Amino acid sequence: MPVYFHIDLDAFFASAEVLDRPELAGQPVIVGGSGRRGVVSTCSYEARAFGVHSAMPIAEARRLCPQGVYLPVRMERYAHLSSQVMSIFEDFTPDVIRVSIDEANLDMTGTEKLWGQPAEAAALLKTRVRTDTGLSVSIGIAPNRYVAKIASGVRKPDGLVEVPAGGEEGFMLGLPLDKIWGAGPKTQARLAELGIEDMARLRSLSAQTLEAAFGRAGGAFLYKACRGQDPGIYGSEPKSRSISTETTFERDVRDRETLESVLLGMTEELAARMYHDGHSSRTVVLKLRDGSFDTQSARETRDGPFISSRDIYEGALDLLRKKWDGRPVRLIGLGLAQLGCQGGHQDSLFEDDATRRAHKAAAVEKAVFDATRRGLGTITRARLVKPKREHPAAPDDEA
Amino acid sequence: MKFTCDKSAFQKEISFAQEIISSKSAVSVVSNVYLEAQDNTLLIRATDIKLGFETRMPVEVQEPGGSTVFCDKLGGILASIPDGTIEIDQKDSRVVIKPTFKKAQFSLKTIASDQFPQLPDIDDSAYFPVPSADFKAMIAQTVFAVSDDETRYFMNGVYLERAEDGLVMVATDGRRLAFYKKALTDSLPLFKSVIVPPKVLSLILKRCPDEGQIFLAINDKNLFVKFGMYKMSTILIEGQFPNYQKVIPESQQYELRFKRSEFLEALRRVSIFVEQKSRRTFFSLAQDKVVLSSEEGDIGTAREELSCAYEGPEAVIAMNYRYIEEPLRYMDSDDVTLRFTETGRAVTVSPEPAGDYFHVLMPMQVD
C-alpha cells in the first residue's frame, strides 16, 4: 500500500528568525523584501492573526500590524536550515522530492518495519526535526502525493493529518473548493461562474462536462482532484529530485587523499542508485562541514548527463578542489541533483572518444552493480579496498 | 533630397529593407533606411549591423541628396496609401511624403545620412556565379537544421564549403545534420570554408528568383551576395565547424523505403500525443510495415500503421518528431529511404532515387 508524507515547514522564514533570536518568540514576525515595493515572504502565526499573509505588500502589512517585527530575508541561512531538515527526511526514506525550500514530499511506502505505522513514523519525524533543528513541521499522510499535499495544509502549525487508504475521496468531499491545490484564482472564478459551489457538486460532474468547461487538461485535473486521485502534481519526471550520501568522520580528516577515496566510494554508491532507478543527472553537489559545524556546499551542472561514475567522480573532485581550503573536515557529503528519467534522452551525433569510453565504462559498471545487488559477490575498485595496516601493504605482503 | 516615384515599386524595396532591420527604436540610426537620390536613381540601404542590404531603383530626382528615415514608419505609410505616384521631399530634418493624388501628407523625422554605418564592400571582380535555383535548393534543404543554441555559436550557421567539384552546404545542431552537395562544373574560385548565418540565407530563399544566377564573394569576414538589383553582405560566424564527415555513416545495413507524403501525414497525426519536451516518436519496423506511435504521459496515445518496403529484423527506433518531420517536409522526392544499422545509432534519410542531399538524425533512447 503506497504511503506518502507531504511535509511543510511551519512559517519557515519567520520560525528560522525566531530560532536565531529567541526573544522574538510569541511576537508577530514578518519576513519580507525591504523597500517600498517589498512583499511579505513569510510571517509568524502571531502576525497572521492581524490579517497579514504572504505575498502581501510590506506597506499593507505595516498598516495592519504596526507592532510587528519586520526582518529582511536571509536566504542563505534558510537554505542552510532547509538542507538540515531535508537531510533528516532523507534519513527516513531515500525517496525525497524537495518541492521547495520549505516543502518536501516523501515516499514512505514499505518503511513500516523501520519506522512503524505511518502516524508513528510521522510523530518520530516531527520529534527529530524539532530536537535537531528547533523547527516545527506539518505533515500530511495519504496514499498519494496529491492528497498528502492537501492534508499537510489542513491543520497548521505542527499538524499531523492522516488520510487512510480508501479515505481520499471522503477527505476531499469535506473540503471547500479553494483547498483544491492547483486550482488558482482563475479556476476558482470559473467554478463560481458555473455555479459549482462545493466539492460534492464538482464531484457530480462528468469528465466530459469538466473538460468542456475547463479544457482538456484543466478538466481532467479537476475530475481527479475532487476524487482524491493524484492528477500528477509532481509529474512523471519530478522537477527536482536528488539522491545523496554523507559520512561523518570519527576524527576530522585533513588529507586530500582520504577525502578523495571517500568521494570515490560515494560516487559509486550514487551511481549504483542512479542506474538502479533508471535515472540520469547532470548536477553533482558536494557538502563539507568542518570541526566548528560550519557547513558549505557547492554544486556543478554540466551540459549533458553524467554517463559513468567516473564522470561524477571528476565533477566531485573538481568541486573539492574549488571548495576545500584545507580545513579539517568533519563531514563530507555528495549528491546528485535534478534526477530525471533517462527515457527520451537524445544523444549527440558528435560523440567524441571520451564519451564513447564513458558509455563503455558505464556498461561495465552497470553489470558490476547488478551482480553485487544480486548477491554474486562484491566487486570494487582497488582504491576502495581498505588496507589491513595503517599503510597500504606491498603486494608481496598480501600473498 | 526630393524625388518622385511609383509607390508600389518603392514599397517593394522598403519592405525588403524592413526584413533586414531588426531594431525598432526610433532613435537608433540602424532602425532607419538610408535613401540617396542622384542621377534619377534612388540608392536604398539597410542594416542590422551584421547584415547589410543595398538596392537601386529608378526615380525622378528633383533635388539630389540623401537622408535616413525610420523604416518601420515609412513602411507603414507606404502600406496605407493607394498605388500611384508619390513625392518624397526633405525639408530640414524631416522628410515629407505625399501622394500626388490625395490631400494627405506625412512628415517623418530623419537622422543625417553620414551617421549611417558604412556597409562592408568587396571588389566586383571577386564575385562568382552560381545558378540561383541550385543555390536556393541547397539552402532549403539545410538551413532549418541550424542550431539556435547560442552557446554553440559555431553551429548557428550553415557551413559552406568549396568541394573539389562543386559546393557543399552542411547544417547541424549536434543531433541532426543536413548535407547538400551540388556538383558545379563552372569554375569556382577556391575559398576557405565559412559559416554563414541563416538570416541572409532565408532572405535569399524568399527573395531571389529561381531563374538566372546569384553571385557570391567571400573574404575573411564577410559573405557578399548579388542578385538582380540587390546586394547583401553578412558577417561570417567565426569558430570551428564540427568535423561533420565523421558522423556521416559510410554504409548502413538496413533500408526502409516509403512514400514521403503518406509518411508525413501519418507523422502529423501521431504527433498529437508526442511529449512536448522530448518530442519522442516511435517507429516499429517489421517486414514491409512500419508503425508510427506516440504516448503522452497518461493523456493518450496514437498509432498508425503504414506499408513500406523493409526486409530487416523487427526493430524500434525512437526519434524526435521535429528531427524527422522537418527533413521530410523540405525534401522534394516522392519516395524516401531511411537507412540504419543499429537502432541507437545515426539514421540516414535520403531521397529515392538518391539525389544531392541527405539528412542524418540521431535517434533517442527507446526506453
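Residues numbered from 1 in each chain as written. Chains lettered and ligands numbered in written order. Predicted model: local features only at pLDDT ≥ 70, side-chain atom pairs only at ≥ 80, totals over all residues. Heavy atoms only, no water.

### Considerations on the pattern of salt bridges
Okay, step 1: A full pass over the atoms with the stated rule returns 42 salt bridges over all chains.
Okay, step 2: Lys322 of chain A serves as the salt-bridge partner of Asp318 of chain A, at 3.6 Å between the closest nitrogen and oxygen. With Asp318 of chain A and Lys322 of chain A both in helix α13 (residues 309-323) and 4 residues apart, the pair spans about one turn of that helix.
Okay, step 3: According to the relative accessible area criterion, Lys322 of chain A is exposed, its value standing at 60%.
Okay, step 4: Between Lys91 of chain B and Asp89 of chain B there is a salt bridge, with its nearest N and O atoms 3.8 Å apart.
Okay, step 5: Several salt bridges share partner residues, and in doing so they unite Glu300, Asp318, Arg321 and Lys322 of chain A into one network. (Salt bridge = Lys/Arg side-chain N within 4 Å of Asp/Glu carboxyl O. Helix = DSSP H or I, 4+ residues; strand = E, 2+ residues; numbered from the N terminus. Buried < 20%, exposed > 50% of the residue type's maximum accessible area, 1.4 Å probe, protein only.)

### Things to note about the confidence of the model for chain B
One rule of thumb: low pLDDT means the predicted coordinates there are not for detailed reading.
Okay, step 1: Averaged over chain B, the pLDDT score is 93; the fraction of residues at 70 or greater is 100%.
Okay, step 2: The ipTM assigned to the predicted complex is 0.70, against a pTM of 0.58. (pLDDT = per-residue confidence, 0-100.)

### Brief notes about the pairing of strand β23 (residues 315-320) of chain B
Residue and element names in this part refer to chain B.
Okay, step 1: Extensive coverage of β23 is indicated by the burial of 5 of its 6 residues.
Okay, step 2: Here strand β19 (residues 280-286) runs beside β23; their pairing, made up of 6 bridges, is antiparallel. Looking at β23, one finds that Phe283 is bridged to Ile317. (Pairing = 2+ DSSP bridges.)

### Observations regarding the pairing of strand β26 (residues 357-361) of chain B
Residue and element names in this part refer to chain B.
Okay, step 1: Counting buried positions along β26 yields 5 of 5 residues, so the element is predominantly enclosed.
Okay, step 2: On β26, burial covers both faces: Tyr357, His359 and Leu361 on one face and Phe358 and Val360 on the other are all buried.
Okay, step 3: Pairing of strand β13 (residues 176-183) with β26 involves 5 bridges; the strand directions are antiparallel. Each bridged residue has a counterpart across the sheet, and for Arg176 the counterpart in β26 is Leu361.
Okay, step 4: Sheet topology note: the strand β25 (residues 347-352)/β26 ladder contains 3 bridges and is antiparallel. Bridge assignment links Val347 to a residue of β26, and that residue is Leu361.

### Looking at the confidence of the model for chain A
Residue and element names in this part refer to chain A.
Okay, step 1: For chain A, per-residue confidence averages 83 on the pLDDT scale, and 89% of positions sit at 70 or higher.
Okay, step 2: Least confident of the elements in chain A is helix α15 (residues 395-398), whose mean pLDDT is 40; most confident is strand β7 (residues 137-142), at 96.
Okay, step 3: Predicted confidence is poor over residues 235-240, with pLDDT under 50, and the contacts of this stretch with residues over four places away or in other chains come to 9 contacts.
Okay, step 4: Considering only residues more than four positions removed or in separate chains, one finds that residues 388-399, a stretch of pLDDT under 50, has 4 contacts. (Contact = heavy atoms within 4.5 Å.)

### Some remarks on the nonpolar core
Okay, step 1: In this structure, Phe3, Phe10, Ile204, Met232, Ile324 and Leu328 of chain B are the most contacted members of the largest nonpolar core, which totals 99 residues.
Okay, step 2: Dropping the residues within four chain positions of it, Ile324 of chain B is found in contact with Phe263, Leu267, Phe283, Met319, Leu338, Val349 and Leu361 of chain B. (Core = buried A, V, L, I, M, F, W, Y, C linked by side-chain atoms within 4.5 Å.)

### Side note on the interface of chain A and chain B
Okay, step 1: Counting from both sides, the interface comprises 14 residues of chain A and, opposite them, 26 residues of chain B.
Okay, step 2: Between chain A and chain B we count 0 salt bridges in total.
Okay, step 3: Class assignment for the residues of the side of chain A that touches chain B results in 2 nonpolar, 6 polar and 6 charged. (Nonpolar A, V, L, I, M, F, W, Y, C, P; charged D, E, K, R; others polar.)

### Looking at helix α1 (residues 12-20) of chain A
An α-helical segment advances 3.6 residues per turn. Residues three or four places apart therefore align on the same side.
Okay, step 1: Where α1 of chain A is concerned, the buried positions are Phe12, Phe13, Ala14, Ala16 and Glu17 of chain A.
Okay, step 2: Those residues of α1 of chain A that are buried lie in contact with β1 (4-9), β2 (29-32), β3 (40-43), β4 (69-71) and α4 (75-92) of chain A.

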